[in-house]
Amino acid sequence: MGSNIKLAKDGGTPVRESLLPYAAQWLDEDDIEAVIDVLRSPYLTTGPKIKEFEDEFAKYSGAKYAVAVSNGTAALHAAMFAAGIGAGDEVITTPMTFAASANCVLYMGATPVFADIDPETYNIDLKEIERHITSRTRAIIPVHYTGQPCEMDEIHGVAKKHGLAVVEDAAHALGAEYKGRRVGGLSDMTTFSFHPVKHITSGEGGMITTNDSALYRQLVLFRTHGITRDAELMLRNDGPWYYEMNNLGYNSRLTDVQAALGKTQLAKIEQFLKLRKKYVDMYNEGFLDFAELIIPFQKAGTKSAWHLYVIQLRTEMLSVGRKEIFQALRAENIGVNVHYLPVYQHPYYTKLGYQRGLCPNAEELYNRIITLPLFPKMSEQDVNDVIKAVKKVINFYRNRTRG
Ligand SMILES: *Cc1c(COP(=O)(O)O)cnc(C)c1O
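Attention in this report is confined to the structure presented alongside it.

Parameters at a glance
- Residues numbered from 1 in each chain as written.
- Predicted model: local features only at pLDDT ≥ 70, side-chain atom pairs only at ≥ 80, totals over all residues.
- Heavy atoms only, no water.
- Axes fitted to C-alpha atoms, helices over the stretch in contact; angles between N-to-C directions.
- Helix = DSSP H or I, 4+ residues; strand = E, 2+ residues; numbered from the N terminus.
- Parallel < 35°, antiparallel > 145°, perpendicular 65-115°, else oblique.
- Left-handed = near helix turned anticlockwise from the far one by under 90°.
- Contact = heavy atoms within 4.5 Å.
- Nonpolar A, V, L, I, M, F, W, Y, C, P; charged D, E, K, R; others polar.
- Pairing = 2+ DSSP bridges.
- Right-handed = clockwise from strand over helix to strand, strands pointing away.
- Patch = residues over 30% accessible without salt bridge, like charges linked within 9 Å, V, L, I, M, F, W, Y side chains within 5 Å.
- Areas by Shrake-Rupley, 256 points an atom, 1.4 Å probe, with all protein chains shown as cover.
- Salt bridge = Lys/Arg side-chain N within 4 Å of Asp/Glu carboxyl O.
- Near = heavy atom within 4 Å.
- Polar contact = N/O pair within 3.5 Å; in protein donor to acceptor, adjacent residues only side chain to side chain.
- Core = buried A, V, L, I, M, F, W, Y, C linked by side-chain atoms within 4.5 Å.
- Buried < 20%, exposed > 50% of the residue type's maximum accessible area, 1.4 Å probe, protein only.
- Expected span 1.5 Å × (residues − 1).
- Phe/Tyr/Trp six-rings, centres within 6.5 Å; stacked < 30°, edge-to-face > 60°.
- Lys NZ or Arg CZ within 6 Å of the ring centre and 35° of its normal.

**Some remarks on the packing of helix α9 (residues 269-286) against helix α13 (residues 380-397)**
In step 1: Contact geometry for α9 and α13: axes closest at 10 Å, N-to-C directions at 25°. Judged on the interaxial angle alone, α13 and α9 are roughly parallel. The interaxial crossing formed by α9 with α13 has right-handed handedness. Only Glu380, Val383, Asn384, Val386, Ile387 and Lys391 of α13 make contact with α9, whose side of the interface consists of Lys278, Tyr279, Met282, Tyr283 and Gly286.
In step 2: Class assignment for the residues of the contact of α9 with α13 results in 6 nonpolar, 2 polar and 3 charged.

Laid out in structure tokens, this is it:
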């Protein structure tokens, strides 16, 4: 009865009275108290909470070391620094990610090389990685898009064969599992973000995990101006006051205030993951009979952390494109989003010379995807509202044979 439906965008009643955002943090009283306790303590920046947060994070992710930094972008930058990436080097990553995954390569004066995605998982395609390896390639940055782990064994195989570093951008993947092992301890380095839309938050914040003591030392240097007080690393030693700088580092430190919040948030991660998975199951079930929608693919042997729930529209089965569907859902007060414009299609990258058509699968996917709201703090009623709105809009725009 499609003709009886009146969409909110055409003056009908919206499915929801107020806008449901696509993501939001979850804060309890214990989070707030942990922050206040630090404000009453002698430490605001690096104090005891940093080490506690790092130790608990390393333990959770299955890595030997964790280094807390100011945000996920600084984590990627630090990882590139520790991997020794520099001018003339090439680093392979995916275009289906937030710009920071490639920007970190530019920060080092190196060149990001974009390998196309697998149209099923939307993650970087192994064959495409291999096709882009040259004598200048130094590292691969796989991104676990939406929380679905990449094919890490295969990526490590290619990396080993060509002597490349692997830095996982796991900003979407805290708590994800690959073949029964948690993301964080699998590669040379793995980076995380604690922006409020991610799994846990410290306001702004980031972490790098590694099992390698040499990389760990470099990461710590990066975070504090390249300055060391470690006698073993110093070229001279003038006395007890002395420190020295042998590398050009940055100030990428997290504060103790943020680390305290990160700690109490990390303690809730299993609860957060469970709720995300529950809502994903509700979505999958709700969209089962809708041939116009492709729901997220789950690769065997992996457990997604479900940062994002991305539906792909079979636009050939609809009378309008993604933009109209998106606008109709927003009018129903569903805070839909799109993740992502392929990175190299941002004007800054176009000016650097990256051309349209570089990664056809990513470009095609970009035209067909919509991110639906997904966060632990939403209610089952919120999830049902989203399902209802999606069904309403798809039913309205379903291609019908006209008589
Ligand atoms: C959020 C995000 C980042 C950057 O993290 P910030 O903490 O916002 O700097 C990097 N990569 C991906 C894939 C992200 O989603």
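The rest of the description comes next.
**Side note on the packing of helix α3 (residues 72-82) against helix α4 (residues 100-107)**
In step 1: Viewed as axis vectors pointing N to C, α3 and α4 meet at an angle of 45°, and their least axial separation amounts to 9 Å. By the angle between their directions, the pair α3 and α4 is classed as oblique. Considering the relative orientation of α3 and α4, their crossing is right-handed. Judged by residue contacts, Thr73, Leu76, His77 and Met80 of α3 engage Ala100, Ser101, Cys104, Val105 and Tyr107 from α4.

**Quick notes on the sheet that holds strand β4 (residues 137-141)**
Adjacent strands of a sheet pair through backbone hydrogen bonds, lying either parallel or antiparallel.
In step 1: Spatially, 7 strands are ordered β1-β9-β8-β5-β4-β2-β3 in an open sheet, and the strand pairing comes out mixed. Of all strands in the sheet, those with a lone pairing partner are β1 (65-69) and β3 (111-114), marking the two edges. Each adjacent strand pair in this sheet contributes to an overall mean axis angle of 25°, direction not counted.
In step 2: One ladder, built from 4 bridges, connects strand β2 (residues 90-93) with β4; its direction is parallel. Residue pairing for β4: Glu90 is matched across the bridge by Thr137.
In step 3: Packing against the sheet, α3 makes contact with β1, β2, β4, β5 (165-169), β8 (189-193) and β9 (206-210), and its axis sits at approximately 165° to β8.
In step 4: Helix-sheet contacts for helix α7 (residues 213-223) involve β1, β8 and β9, and the interaxial angle to β1 is about 15°.

**Some points on the pairing of β3**
In step 1: Strand direction decides the pairing type here: β2 and β3, joined by 4 bridges, are parallel. Within the sheet, the bridge partner assigned to Thr93 lies in β3 and is Phe114.
In step 2: The parallel pair β2 and β3, bridged by α4, forms a crossover whose chirality is right-handed.

**Comments concerning a nonpolar patch on the surface**
In step 1: The grouping of Ile32, Ile36, Leu39 and Leu44 at the surface amounts to a nonpolar patch, some 340 Å² of accessible area in total.
In step 2: Mapped onto the elements, Leu39 comes out in helix α1 (residues 29-39).

**Topic: the site of the ligand**
In step 1: In the neighbourhood of the ligand, 16 residues make up the surrounding shell, with Gly72, Thr73, Asp169, Ser193 and Lys198 lying closest.
In step 2: One of the side-chain nitrogen or oxygen atoms of Thr73 is found 2.5 Å away from an oxygen atom of the ligand.
In step 3: Tyr340 places a polar side-chain atom, nitrogen or oxygen, 3.5 Å from an oxygen atom of the ligand.
In step 4: Here the ligand, which alone exposes 380 Å², has 92% of that area covered by the protein.
In step 5: Within the residue set of the shell around the ligand, elements represented by two or more residues are α3 and α4.
In step 6: Looking at the shell around the ligand, the element that brings in the most residues is α3, giving 3 residues.
In step 7: When grouped by side-chain class, the residues that make up the shell around the ligand number 6 nonpolar, 8 polar and 2 charged.

**Considerations on the nonpolar core**
What tends to happen in soluble globular proteins is that the nonpolar side chains get buried as a cluster.
In step 1: Core analysis: the largest hydrophobic core is formed by 77 residues, its most contacted members being Ile325 and Leu372.
In step 2: Once residues within four sequence positions are removed from consideration, Leu372 is found in contact with Tyr22, Tyr283, Phe287, Tyr309, Ile311, Val336, Val386 and Val390.
In step 3: If you look at the next biggest cluster of nonpolar residues, it comprises 26 residues, including Ala100, Val105, Met108 and Ala110.

**A word on the sheet that holds strand β13 (residues 302-303)**
In step 1: The 3 strands are arranged β7-β6-β13 in an open sheet whose pairing can be described as antiparallel. The open sheet has two free edges, formed respectively by β7 (181-182) and β13, since each of these has just one partner strand.
In step 2: Where strand β6 (residues 177-178) meets β7, 2 bridges bridge the pair, whose relative direction is antiparallel. Note that in β7 the partner of Tyr178 across the bridge is Arg181.

**Side note on the environment of Val158**
In step 1: With respect to the element layout, Val158 can be found in helix α6 (residues 152-162).
In step 2: Judged by its relative accessible area of 6%, Val158 falls in the buried class.
In step 3: When the C-alpha atoms of Val158 and Gly86 are compared, they prove to be 21 Å apart, with 72 residues separating the residues in sequence.
In step 4: Other than its neighbours up to four places away in sequence, Val158 contacts Leu126, Ile129, Glu130 and Ile133.

**Examining α9**
Counting along an α-helix, one turn takes 3.6 residues, and residues three or four places apart therefore face a common direction.
In step 1: For α9, built from 18 residues, the straight-helix expectation of 26 Å at 1.5 Å per residue is met to within 8% by its first-to-last C-alpha distance of 26 Å.
In step 2: For α9, every residue scored as buried is listed here: Ile269, Phe272, Leu273, Leu275, Arg276, Tyr279, Val280, Met282, Tyr283, Asn284 and Gly286.
In step 3: Its buried side turned inward, α9 meets α2 (48-61), α8 (256-266), β14 (309-313), β15 (369-372) and α13.

**Considering the packing of aromatic side chains**
In step 1: Counted according to the given criterion, the structure contains 20 aromatic pairs.
In step 2: An angle of 70° between the planes, with centres 4.9 Å apart, marks the rings of Phe57 and Phe192 as edge-to-face. Within this pair, whereas Phe57 is found in helix α2, its partner Phe192 is found in strand β8, the two being separated by 135 residues in sequence. As far as the burial class goes, Phe57 and Phe192 line up, both buried.
In step 3: Ring geometry for Phe114 against Tyr354: centres 5.3 Å apart, planes inclined by 75°, an arrangement best described as edge-to-face. One end of the pair, Phe114, is in strand β3; the other, Tyr354, is in the loop between α11 (347-352) and α12 (360-366), with 240 residues separating them in the sequence.
In step 4: On the basis of relative accessibility, which here comes to 1%, the residue Phe114 falls in the buried class.
In step 5: One aromatic cluster is present, formed by Phe114, Tyr344, Tyr348, Tyr349 and Tyr354 through successive ring pairs.
In step 6: The cationic tip of Arg182 hangs over the ring face of Tyr60; the distance from NZ or CZ to the ring centre is 3.9 Å.

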